[in-house]
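If you want the building blocks of each chain, they are given just below.
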Amino acid sequence: PRPKSRKIYNFGSPRVGNDAFVAQFDSLMGNEIDEAYRLVNGQDAVTRMPRTVNALAFGSIGYNHCGPTALIMDPKAANDKSDPLVWVEGESDDKACPVRDGVAMISPLGS
């Protein structure tokens, strides 16, 4: 029997697919998948890998992650004490997800 609902909670994985993979995943949202979140430790470098590479030797490798990110910050590591400890992409505010490509990393070991 098929489950009545499908919910995906991904914990700390690296990026696993390209833009076509993400588009296919997104097409399942609301139909096959009811809810999906990618939970990320704010200091975890693995969740930011592999970075997109645009080079002559490699071409364009457009890795991305699927589903909205729930970014969890360590209260001791937070730069601004007014920042929330849990930030959810598309729900908390209009800021771009800090772990998607195109967002500069201050340190290779974290955001």
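Residue positions are given per chain, counted from 1 along the sequence in the order it is written. Only residues with pLDDT of 70 or above have their local features reported here, since the model is predicted, and side-chain atom pairs are shown and tallied only from 80 upward, although totals for entire chains, interfaces and linings are computed over all residues. Hydrogens are left out, water is left out, and the side-chain values use all remaining heavy atoms of the structure.

Caption draft 1: Main features of the pairing of strand β2 (residues 35-41). At least two bridges found by DSSP between two strands is the condition for calling them paired. By definition, any uninterrupted DSSP run of H or I lasting at least four residues is a helix, any uninterrupted run of E lasting at least two residues is a strand, and each is numbered from the N terminus. Pairing between strand β1 (residues 7-11) and β2: five bridges, direction parallel. Across the sheet, residue Asn-10 finds its bridge partner in β2, namely Arg-38. Read from β1 through helix α1 (residues 19-28) to β2, the crossover connection turns out right-handed. When β2 meets strand β5 (residues 69-72), the two strands line up parallel, connected through four bridges. Bridging from a neighbouring strand, Leu-39 pairs with Ala-70 of β5. Call a crossover right-handed when, viewed with both strands pointing away from you, the route from the first strand across the helix to the second goes clockwise.

Caption draft 2: Layout of the nonpolar core. Ranked by size, the top nonpolar core spans six residues in total: Val-40, Leu-71, Met-73, Trp-87, Cys-97 and Val-99. Side-chain atoms within 4.5 Å link the members of a nonpolar core, which is a set of buried Ala, Val, Leu, Ile, Met, Phe, Trp, Tyr and Cys residues. Remark: exposure states derive from per-residue accessible area (1.4 Å probe, protein chains only) relative to the maximum for the residue type, with buried under 20%, exposed over 50%, and partly exposed in between. Counting five residues, the second largest nonpolar core, distinct from the first, contains Phe-25, Ile-33, Ala-36 and Cys-66.

Caption draft 3: The pattern of salt bridges, seen in detail. A carboxyl oxygen of Asp or Glu within 4 Å of a side-chain nitrogen of Lys or Arg is what we treat as a salt bridge. Here the structure, examined in full by the defined rule, presents one salt bridge. Between Glu-32 and Arg-6 there is a salt bridge, and its shortest N-O distance comes to 3.0 Å. A residue pair is termed long-range when its members are at least 10 positions apart, and Glu-32 in the loop between α1 and β2 and Arg-6 in the segment before β1 qualify at 26 residues. A relative accessible area of 34% places Glu-32 in the partly exposed class. Residue classification places Arg-6 among the partly exposed positions, given a relative accessible area of 27%.

Caption draft 4: Quick look at a nonpolar patch on the surface. Here, patches come from residues exposed beyond 30% relative accessible area and free of salt bridges, joined within 9 Å for like charges and within 5 Å for nonpolar side chains (Val, Leu, Ile, Met, Phe, Trp, Tyr). In this description, accessible areas are obtained by the Shrake-Rupley approach with a 1.4 Å probe, and a residue is regarded as covered only by the protein chains that are shown. Taken together, the side chains of Ile-72, Leu-85 and Val-86 make up a nonpolar region of the molecular surface, amounting to roughly 230 Å² of accessible area. Its location among the elements puts Ile-72 in strand β5. With a relative accessible area of 36%, Ile-72 lands in the partly exposed category.

Caption draft 5: Structural view of the side chain of Arg-38. Its place among the elements puts Arg-38 in strand β2. Charge counting treats Lys and Arg as positive and Asp and Glu as negative, with His and both chain ends excluded. Notably, Arg-38 is buried but unbridged: the nearest opposite-charge side chain belongs to Glu-89, and the N-O separation is 7.1 Å. Here a polar contact means two N or O atoms within 3.5 Å. Within protein one must be a hydrogen donor candidate and the other an acceptor candidate, and residues neighboring in sequence count only if both atoms are side-chain atoms. A polar atom in the side chain of Arg-38 sits 3.0 Å from the backbone oxygen of Ser-13. Filtering out sequence-adjacent residues up to four positions away, Arg-38 remains in contact with Asn-10, Ser-13, Pro-14, Arg-15, Thr-47, His-65, Cys-66, Pro-68, Thr-69, Ala-70 and Val-99. The criterion used for residue contact is that any of the two residues' heavy atoms lie within 4.5 Å.

Caption draft 6: Here's a closer look at the sheet that holds strand β6 (residues 86-88). Reading across from one edge, β1-β2-β5-β6 is the order of the four strands in this open sheet, with mixed pairing throughout. Of all the strands in the sheet, just β1 and β6 have a single pairing partner and so form its edges. For this sheet, the mean inter-axis angle between neighbouring strands, taken without regard to orientation, is 20 degrees. Only the stretch in contact is used when fitting a helix axis, every axis being a line fitted to C-alpha atoms; angles between N-to-C directions are given from 0 to 180 degrees.

Caption draft 7: Structural view of the environment of Phe-21. Looking at the secondary structure, you find Phe-21 in helix α1. When its relative accessible area of 40% is taken as the criterion, Phe-21 is described as partly exposed. Separated by 43 residues in the primary sequence, Phe-21 and Asn-64 place their C-alpha atoms 8.6 Å from one another. Setting aside chain neighbours within four positions, we find Phe-21 in contact with Val-16 and Cys-66.

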